[in-house]
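Residue strings, one per chain:
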Amino acid sequence: MRVPQWAFHLAIFLAFLAEIRGFLMEIKCKLWAGNGYIGDPSDCQAWGFCQDNKLIDRNGCNEGLLYNFRKGTCDKAADVMCHSNLAEICTNLQLGYYAADPANCRRFVKCDAIDDPIWGDCGEDQVFNNKLQRCVQETSGCPQDNICSYMKDGSFMGDPNSCQGYYKCHNGFAIEMNCSTGRYFNRKSGNCQSWLPDYCSKDDEIAPETPLSTNFHICSKYYQRDLSGVQLLPDLKTCYGYYACTSELDLGRWSSCPWGQHFEWWSQRCGEPKDNSCSYDRCGNMNQLKVTTINTGCREYTVCQNYRSRRSEKCPEDFPYFNEISQRCTDKFPNHRVCYMDG
Ligand SMILES: *[C@@H]1O[C@H](CO)[C@@H](O)[C@H](O)[C@H]1NC(C)=O
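This structure is a prediction, so every number in the text was calculated from the model and none was measured.

Parameters at a glance
- Residues numbered from 1 in each chain as written.
- Predicted model: local features only at pLDDT ≥ 70, side-chain atom pairs only at ≥ 80, totals over all residues.
- Pairing = 2+ DSSP bridges.
- Helix = DSSP H or I, 4+ residues; strand = E, 2+ residues; numbered from the N terminus.
- Near = placed C-beta within 6 Å.
- Nonpolar A, V, L, I, M, F, W, Y, C, P; charged D, E, K, R; others polar.
- Core = buried A, V, L, I, M, F, W, Y, C linked by C-beta atoms within 7 Å.
- Buried ≥ 20, exposed ≤ 12 C-beta atoms within 10 Å, placed from the backbone.
- Contact = placed C-beta atoms within 7 Å.

Give me the pairing of strand 2 (residues 43-51): which residues, what numbers.
Pairing of strand 1 (residues 36-40) with strand 2, which is carried by five bridges, proceeds in the antiparallel orientation. Bridge pairing in strand 2 links Gly-39 to Trp-47.

Below, the structure is given as structure tokens:
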């Protein structure tokens, strides 16, 4: 029998759907900022092994055992929960039924419309239950498959549809998170960074935000009432700008540190960038070609261009530490404050 052309296209479309909706192990490895075992969303007995964002091995548990994703071992079938993907779920549901988003079971969609979805939202602490066809109180993660199903607790997964978003996994449940202003999620390290990661296209680049010269809310939000006098608050967009507030009712007025300095909230002054682990773009407000990359214990440096971070590079093994003052990798730990703090 000749297979009609439409069936061929449908098969490709379904494979495509499975890929973006079902989170195959290859996709999970690509999104997971970690190495080790993961469960196979298409087979409860199977597991995979991720390394450097690639699936390098896959196998199955012995007869009668299922893969337990929380422990990373094969366990008795009765003790292990099993999930499936949205395309599969919909084929098993009646016409006109709704299904939860596999990436985020707080929202749901009509199965007839998964290629052009209009999402319904369950609201706070609620998740969509496909069986009951309604939102229920969230108690132990998603009632069905999602991006964190079969992932160990504490895993960080990049959002496949965004360069800033990521998920923190707990009990197979995905908690949605975003990097702070102007930063991107790194699917290798699990940190947020100021430069565009390899997997993002130039179109995903966020134009740097210029802080407003006055800010209505910052004083009322962050001015510490138990202290008095002028308080300087970070602008939450750059490493070198700050707002001055004289009271919680004040309008915050923006100022910049002198050229070559970054703002230190804890000391309420501008200081040397090397003593300041700011999580915004560390290339700003100074003429450096390289700056220390935060979260690396001074083992990596960020290459700057036009006062913006472009990429991060590791120091070589025999000169493992980057010194921001000498602008070189050295064998001596520089003991700058930026080496100790994470952000
Ligand atoms: C993350 O950012 C996106 C896009 O701006 C937004 O739609 C989403 O609600 C944010 N999520 C969280 C948890 O802040």
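That covers the picture; the talk isn't over yet.
Before we move on, can you summarise the site of the ligand with the specific residues and values?
Around the ligand, the neighbouring residues are Gly-165, Glu-176, Met-177 and Asn-178. Counting residues per element, the shell around the ligand draws most heavily on strand 13 (residues 173-178), at three residues. Tallied by class, residues from the shell around the ligand come to one nonpolar, two polar and one charged.

Residue-level account of the nonpolar core, with values.
Within soluble globular proteins, side chains that are nonpolar tend to cluster in buried spots. Ranked by internal contacts, the top residues of the largest apolar core, which has 28 residues, are Cys-148, Met-151, Met-157, Tyr-167 and Cys-169. Every element with two or more residues in this core is listed here: helix 2 (25-31), strand 2, strand 4 (65-68), strand 11 (156-158), strand 12 (165-170), strand 13 and strand 14 (184-185). When sequence neighbours within four positions are dropped, the list of residues in contact with Met-151 reads Lys-28, Trp-32, Ile-38, Phe-69, Met-157, Cys-169 and Gly-172. Tyr-223, Leu-233, Cys-245 and Cys-278 belong to the second largest nonpolar core, which has 14 residues in total.

Lay out the sheet that holds strand 17 (residues 231-234) with the relevant residues and their values.
Adjacent strands of a sheet pair through backbone hydrogen bonds, lying either parallel or antiparallel. Across the sheet, four strands lie side by side as 16-19-18-17; this open sheet has antiparallel pairing. This sheet does not close on itself; its edge strands, each paired only once, are strand 16 (214-215) and strand 17. Bridge analysis of strand 16 against strand 19 (residues 252-256) gives two bridges, and the strand direction is antiparallel. Across the sheet, Thr-214 pairs through a bridge with Arg-253, a residue of strand 19.

Requested: an account of unusual backbone geometry, with residues and values cited.
Phi is positive for Gln-268, which is not a glycine, with a value near 60 degrees. Within the fold, Gln-268 resides in the loop between strand 20 (262-264) and strand 21 (269-271). The class for Gln-268 is partly exposed, based on 13 C-beta atoms found within 10 Å. The residue Gln-327 is not glycine, and still its phi comes out positive at about 65 degrees.

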